[in-house]
Amino acid sequence: MRTSHTLRTGITTLSLLLVFVASCMRGQPDGRGGTQPAPPEEQEHVVGAGADRYTSGGGSDQGTIGLYPLNINIFEGLVRMDAQYNVLPSLATSWEFLPPNTWRFELRRGVRFHDGQRFDAEAVKHTFNLVAEGGGGTPGLGEDSTEIIDDYTIEVTPMFENRRLPQQLVHPNYFIVAPGTEPNDDPVGTGPFKFVSYRPQEEIVVARNDDYWGELPTLRRITFRFIPNDNGRRLALEAREVDMALDIPPDAVGELEARGFTVEVGEPGAYEAIYLNKSGRSGYTILTDERVRHAIGYAIDREALVEGVFEGYAAREQTMVPSRLLGEAAGRIEGYEHDPAQAEALLEEAGWMPGPDGIRQKGGEPLRLELIAGFPSAEEHGAVPEFLQDQLRRVGIDVEIIRTPDTASYEARLDRFAGDLWLEQGSQNDANPAFLPALLFWSIGLFGNIGYQPVFAPKGRFDEVIARAVATPDEEELKELTAEALHILIDQEAIVIPLAGVVTVNVLDQNVEGFEAAPSGLHNRYDTVYIAE
């Protein structure tokens, strides 16, 4: 029987019993923990996914089609990540660190790409060179970083001192592509499924790789339909046009459960947060005063947000990084209790006094902020912008909501420093606890200057702590240093105001078995999914 993880309260003993009975009625146990799969010739599956956000380049010759952000298991990396953020072997069977800054990987033998090419060290070097051409990514891969020792041994030396490399290589951006292929036209990897077709904004189709080196999938074919609208995915599921719908809004879950659909929820792996523009550039000067930034943190009722807007499908996390990944070190991050009186006192200390219309003023200027909602898309934030608008108005801050239509327009505003508050939903996409603060706020940036650093980077001690976190060989010290970096971002500088730890809600037809939601949707696997009789 499938095990689902959910943060939603109020599930009754009766509903659990009904799910158990329904599961038992669908067939007999099959050894995988589910029921007998239907005959292979019937194993076709349709998944309702969100908007098509694939790109066809992005700074290197490797596009993201089939890979990121919707990973459909065409490609594999040297290593992979489980739901607990552990790094496991994949195309590499083992790895070791060679001082001062080199990693040696022993590669799996007997693996073939979908086009019949042999997987070996040349393929790894080819892929990592593409990453280097695009800037090096989070591992810091340079043009001379990858050295072939023999056909099945490769050494990788990052451009900076980096003990996090295996944790970073679990990200699909570093999965291995077949040499001589064009990922934008015909994605060729080693994964359990191989590419069939792609129609932008409509669908992408894969078929079982019958020559897969691991356990063969049961599904013969999977069609991923792009359905940007949340309600559209729900309707497609209810009409049985899709067998599974990804990223269903929480307010739709109760009714779908009542109709017999199965809900799969991973542990929190994403977060909802506000970033605050303290740069003072382009006329956006209000948040240069840290008292105003802290006041915003105290003004927000996170319990009301989690239980109301997120319908309980979120956690009251006060970090960008899932707290379980930091262990006891997470206690170093204080965050913000809901304290409107403290918020008002800080605003008055900063010179913002109540105006006749309830909006605070200073020198005749109203306390008005622009909230930019756009990453990863404006729609994914649901009613969060309006919730924040209401919360901040209660302490005298007027908020104008600006929804950007796509990532390009969002990043264009970043480049112009055009906004005060930036609402984002990010995700812990690799196994390195320092991934998010290093990616977004380290002044050198794991991807170089990606637009965030000039607007938000605290620099100074934060940079020193992050550099140590990336370089330390000690995992416990890594957690402590990451927590210290977050303490600077959240508690001291108030550049980041965490709102909630976000879970991904996926809803399945009752005969779909074997799917386990990953904390980050990038790591969902479909090779274990099957259709029960």
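One can find the structure itself at the top, above this paragraph.
Predicted model, so just to flag it, every value in this text is computed and none were measured.

The rules behind these values
- Residues numbered from 1 in each chain as written.
- Predicted model: local features only at pLDDT ≥ 70, side-chain atom pairs only at ≥ 80, totals over all residues.
- Heavy atoms only, no water.
- Core = buried A, V, L, I, M, F, W, Y, C linked by side-chain atoms within 4.5 Å.
- Buried < 20%, exposed > 50% of the residue type's maximum accessible area, 1.4 Å probe, protein only.
- Helix = DSSP H or I, 4+ residues; strand = E, 2+ residues; numbered from the N terminus.
- Contact = heavy atoms within 4.5 Å.
- Phe/Tyr/Trp six-rings, centres within 6.5 Å; stacked < 30°, edge-to-face > 60°.
- Lys NZ or Arg CZ within 6 Å of the ring centre and 35° of its normal.
- Pairing = 2+ DSSP bridges.
- Arc of directions from axis to C-beta.
- Polar contact = N/O pair within 3.5 Å; in protein donor to acceptor, adjacent residues only side chain to side chain.
- Axes fitted to C-alpha atoms, helices over the stretch in contact; angles between N-to-C directions.
- Salt bridge = Lys/Arg side-chain N within 4 Å of Asp/Glu carboxyl O.
- Patch = residues over 30% accessible without salt bridge, like charges linked within 9 Å, V, L, I, M, F, W, Y side chains within 5 Å.
- Areas by Shrake-Rupley, 256 points an atom, 1.4 Å probe, with all protein chains shown as cover.
- Lys, Arg positive; Asp, Glu negative; His and termini not counted.
- Charge placed at Lys NZ, Arg CZ, Asp CG, Glu CD.
- Right-handed = clockwise from strand over helix to strand, strands pointing away.

A. Just the nonpolar core, in detail. Membership of the largest hydrophobic core comes to 111 residues, with the highest contact counts inside it found for Leu-78, Phe-105, Leu-107, Phe-119, Tyr-275, Met-320 and Phe-441. Looking at this core, the element that brings in the most residues is helix H15 (residues 475–492), giving eight residues. Discounting residues that sit within four places of it in the chain, Phe-119 has contacts with Leu-78, Leu-91, Leu-107, Arg-108, Val-111, Arg-112, Phe-113, Val-124, Tyr-152, Ile-176 and Thr-190.

B. Expanded view of the packing of aromatic side chains. For the structure on display, the rule yields 19 aromatic pairs. Measuring from centroid to centroid gives 6.3 Å for Phe-375 and Tyr-410, while their planes differ by 35 degrees, and the two rings are tilted. Here Phe-375 is found in strand E17 (residues 368–375), whereas its partner Tyr-410 is found in helix H11 (residues 407–415), with 35 residues between them in sequence. Residue classification places Tyr-410 among the buried residues on the basis of a relative accessible area of 0%. These aromatic residues form a ring-pair network of at least three members: Tyr-275, Phe-375, Tyr-410, Trp-422, Phe-441, Tyr-452 and Phe-456. Above the plane of the ring of Phe-97 lies Arg-163, whose end atom (NZ or CZ) is 3.6 Å from the centre.

C. Looking closely at the pairing of strand E4 (residues 92–98). Of the pairings in the sheet, the one linking E4 to strand E5 (residues 102–107) comprises six bridges and is antiparallel in character. Across the sheet, residue Trp-95 finds its bridge partner in E5, namely Phe-105. Here E4 folds back onto E5, and the loop between the two strands holds three residues.

D. Focus on H11. Within the sequence span of H11, burial applies to Tyr-410, Arg-413 and Leu-414. Along the axis of H11, the buried residues cluster in a sector spanning 105 degrees; they form a single face. Residues of H11 that are exposed and point more than 90 degrees away from the buried face comprise Ala-408 and Asp-415. Put simply, Asp-406 is the residue that caps the front of H11, since its side-chain oxygen is 3.3 Å from the backbone nitrogen of Ala-408. At the C-terminal side of H11, Phe-417 shows a positive phi close to 60 degrees.

E. Seen up close, the sheet that holds E4. The antiparallel open sheet is built from four strands, whose spatial order is E4-E5-E7-E6. Pairing within the sheet leaves two strands with one partner each, and these edge strands are E4 and strand E6 (146–150). Geometrically, the sheet is characterised by an average inter-axis angle of 20 degrees between neighbouring strands, direction not taken into account. The sheet contact formed by E6 and strand E7 (residues 153–156) spans four bridges and is antiparallel. Each residue of the ladder has a partner; that of Asp-150, found in E7, is Thr-153.

F. Representation of helix H9 (residues 340–349) within the structure. For H9, the complete set of buried residues consists of Ala-343, Leu-346 and Leu-347. One side of H9 holds all its buried residues, which, seen down the axis, span an arc of 100 degrees. Exposed residues on H9 whose side chains face more than 90 degrees from its buried face are Ala-341 and Glu-349. Taken from the residues just after H9, Gly-351 is the one with a positive phi, measuring 95 degrees.

G. Just the pattern of salt bridges, in detail. In the structure shown here, the tally under the stated rule is 30 salt bridges. Here Arg-199 ties to Glu-202 by a salt bridge, and the two come within 3.1 Å at their closest N and O atoms. The class for Arg-199 is partly exposed, based on a relative accessible area of 44%. For Glu-202, a relative accessible area of 42% translates into the label partly exposed. Taken together, the shared-partner salt bridges connect Arg-234, Glu-238, Glu-255 and Arg-259 into one network.

H. Broad picture of the environment of Asp-186. Turning to its location among the elements, Asp-186 is positioned in the loop between helix H3 (165–168) and strand E8 (193–199). Sequence separation between Asp-186 and Val-196 is 10 residues; the distance between their C-alpha atoms is 8.5 Å. Contacts of Asp-186, omitting those with residues within four sequence positions, involve Thr-181 and Phe-195.

I. Quick look at the sheet that holds strand E13 (residues 270–276). Read across the open sheet, the six strands follow the order E14-E20-E13-E19-E17-E18; overall the sheet is mixed. With one partner strand each, in any of the chains shown, strand E14 (314–315) and strand E18 (398–403) form the two edges of the open sheet. Sheet topology places E17 next to strand E19 (residues 421–427); four bridges connect them, and they run parallel. Paired with Phe-375 across the bridge in E19 is Glu-424. Where helix H7 (residues 302–309) meets the sheet, its contacts fall on E14 and strand E20 (496–502), and the angle it forms with E20 comes to roughly 35 degrees.

J. Quick peek at a negative patch on the surface. On the surface, Asp-115, Glu-182, Asp-185 and Asp-186 cluster together into a negatively charged patch. Mapped onto the secondary structure, Glu-182 falls in the loop between H3 and E8.

K. Local environment of unusual backbone geometry. Residue Pro-100 is reached from Pro-99 by a cis peptide bond, and omega for that bond is 5 degrees. Among the secondary structure elements, Pro-100 is positioned in the loop between E4 and E5. Put simply, Phe-375 and Pro-376 share a cis peptide bond, and its omega is 0 degrees. By the element assignment, Pro-376 lies in the loop between E17 and helix H10 (384–393). A positive phi angle, close to 60 degrees, is found at Phe-417, a residue other than glycine. Locating Phe-417 in the fold gives a position in the loop between H11 and E19. By relative accessible area, which is 7% here, Phe-417 ends up buried.

L. Up close: the pairing of E18. Bridging between E17 and E18 involves six bridges; their strand directions are parallel. In the sheet register, Ala-373 faces E18, and the bridge partner there is Arg-403. After leaving E17, the chain enters H10 and then returns to the sheet as E18, a path that is right-handed.

M. Broad picture of the side chain of Asp-509. In this fold, Asp-509 is placed in the loop between strand E21 (505–508) and strand E22 (512–513). Ignoring anything within four residues of it in the chain, the contact list for Asp-509 reads Leu-237, Arg-240, Asp-243 and Phe-261.

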